[in-house]
Amino acid sequence: MNTETQTDLLKYDRKHIWHPYTSMLDPLPAYPVVSAKGVRLTLEDGRELIDGMSSWWAAIHGYNHPELNKAAKQQIEAMSHIMFGGLTHPPAVELASLLLKLTPEPLQKVFFSDSGSVSVEVAIKMALQYCYSQGLRKKDKLLTIRSGYNGDTFGAMAVCDPVTGMHKIFRGILPLHYFAEAPRCRYDDKWNDKYIENFRDLINAHHDEIAAVILEPVVQGAGGMRIYSPQYLRYVRALCDEYDVLLILDEIATGFGRTGTMFACEQAGISPDIMCVGKALTNGYLSLAATLTTSNVSDAISSGDPGVFMHGPTFMANPLACSIASASIQLLLSSPWQERIRRIEKQLKNELSSCAGLPQVADVRVLGAIGVVELNQPVDIAAAQKQFVEKGVWIRPFGNLIYIMPPYIIEEKDLRQLTSAITEVVGC
Ligand SMILES: *Cc1c(COP(=O)(O)O)cnc(C)c1O
């Protein structure tokens, strides 16, 4: 594309297209990308950027992968989409069986949907219908932890952190739920019972109104990139059992290896009653998510009133997305992913450690293929982004956070370019 068309494109974009969480009055510049391959995004002007974001946790195998392209092309030749009401197809069955093999054993039923937020809506609805069908009509609240992020739709937003989720704007529309303080125990902290006190007090006081606990296991993503001890989750599971409350784990960001185990809940050795997966499910090729649950939950819903689960998205179990998802999971399983994540974790720890202890840095934390530098001040996003692009990397900070979660296939040298860019921009 010549420069004139490029300028036109950017002008049009700026004037008419809303980007995530942006103003239309003075939007931050958006960089035009024309292609992507491996860990590199190619800008319209020919510059290449090493991707530190995996397109928001999705592109774990990198971009333009021959195996995934092949799966997509083969499925297009057969069928791209058919409705899922009254019909089924091999891609859905294959993907469901793969998911059930990989996830904790008690999870036996799969509900497909088209995005992470919708899979969370589905999870919440399952929990509410589970209680309703057993005559527990008072149980219509959720309990979660602060600093969480579970999606942008109303049901999901109602369990996001009330401050960063801007609940005050939507007061009166959002259902009110219970919020425990965010886990204070860091990943490696020695356990102290006071870490669970606030959560225990809330579930103890309100369990007869609470249908489910919902949270992100071990790593809280967009709500603050916090990493907490798996021990906390063990207590949450035990308290849910004690008080007869369902446990929903949102593994949309953590799923498919990101934290070093296939799912983050494995680190606590626990299993949820309902689990949401999305993001890396199709390696970012298409939007697809799933909500998994136990036979206990599905039996209760199915034998109660109205006897069916009240949800059914138009693009449910889209065959194209399911085929790519199965290919992506197979690719993950046939790769040395644990070794790759361990290597990335080690390198992130080594190369980001120079930032720790500096006056402008509040914290440095690393788990699996996730590296976070938290500053004491909000990052000037436009300025930092520009600096990163000039250094040949794609890193998008938010709030006080500069963080990366690169594709698992990233090589040592490319990862070093990402971490060097961070240390240079932060001034470590
Ligand atoms: C991204 C995310 C969601 C929402 O997924 P969308 O596909 O953006 O709707 C929900 N929960 C967590 C933990 C996420 O990271």
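Just so you know, these numbers come straight off a predicted model, no measurement behind them. (Residues numbered from 1 in each chain as written. Predicted model: local features only at pLDDT ≥ 70, side-chain atom pairs only at ≥ 80, totals over all residues. Heavy atoms only, no water.)

Student: Explain the packing of aromatic side chains to me, and be specific about the residues and the numbers.
Tutor: Aromatic rings in a pair are described by how distant their centres are and how their planes are angled relative to each other. Counted under the stated rule, the structure contains nine aromatic pairs. Relative to Tyr235, the ring of Trp191 has its centre 4.8 Å away and its plane inclined at 10 degrees; by these criteria the two rings are stacked. With Trp191 in the loop between strand 6 (178-180) and helix 7 (194-206) and Tyr235 in helix 8 (residues 230-243), this residue pair connects regions lying 44 residues apart in the sequence. Accessibility expressed as a relative area gives 23% for Tyr235, which makes it partly exposed. Ring plane angle 70 degrees and centroid distance 6.2 Å describe the contact between Phe199 and Tyr232, whose orientation is recorded as edge-to-face. (Phe/Tyr/Trp six-rings, centres within 6.5 Å; stacked < 30°, edge-to-face > 60°. Helix = DSSP H or I, 4+ residues; strand = E, 2+ residues; numbered from the N terminus. Buried < 20%, exposed > 50% of the residue type's maximum accessible area, 1.4 Å probe, protein only.)

Student: Please set out the state of the cysteines residue by residue, giving values where relevant.
Tutor: Enumeration over the complete set of coordinates arrives at one disulfide. Linked covalently through their sulfurs, Cys355 and Cys428 form a disulfide whose S-S length is 2.1 Å. When the S-S torsion is 100 degrees, as for the bridge of Cys355 with Cys428, the disulfide is right-handed. With Cys355 in the loop between helix 11 (337-352) and strand 13 (361-367) and Cys428 in the segment after helix 13 (412-426), the pair connects residues that are 73 residues apart, well separated along the chain. Judged by relative accessible area, which is 0%, Cys355 ranks as buried. With no disulfide of its own, Cys276 lies closest to Cys265 among cysteine sulfurs, the gap being 12 Å. (Disulfide = S-S within 2.5 Å.)

Student: Run through unusual backbone geometry, naming residues and quoting values.
Tutor: Here the residue pair Asp305 and Pro306 is connected by a cis peptide bond, since its omega of 5 degrees sits within 30 degrees of zero. As for its placement among the helices and strands, Pro306 is situated in the loop between helix 9 (295-303) and helix 10 (319-333). One non-glycine residue with positive phi stands out, namely Ser147, at about 70 degrees. Checked against the element boundaries, Ser147 lands in the loop between strand 5 (141-145) and helix 6 (154-157). Its relative accessible area of 15% is what places Ser147 among the buried residues. One non-glycine residue, Ala317, lies in the positive phi region at around 55 degrees. Secondary-structure assignment places Ala317 in the loop between helix 9 and helix 10. Judged by relative accessible area, Ala317 falls into the buried class, the value being 0%.

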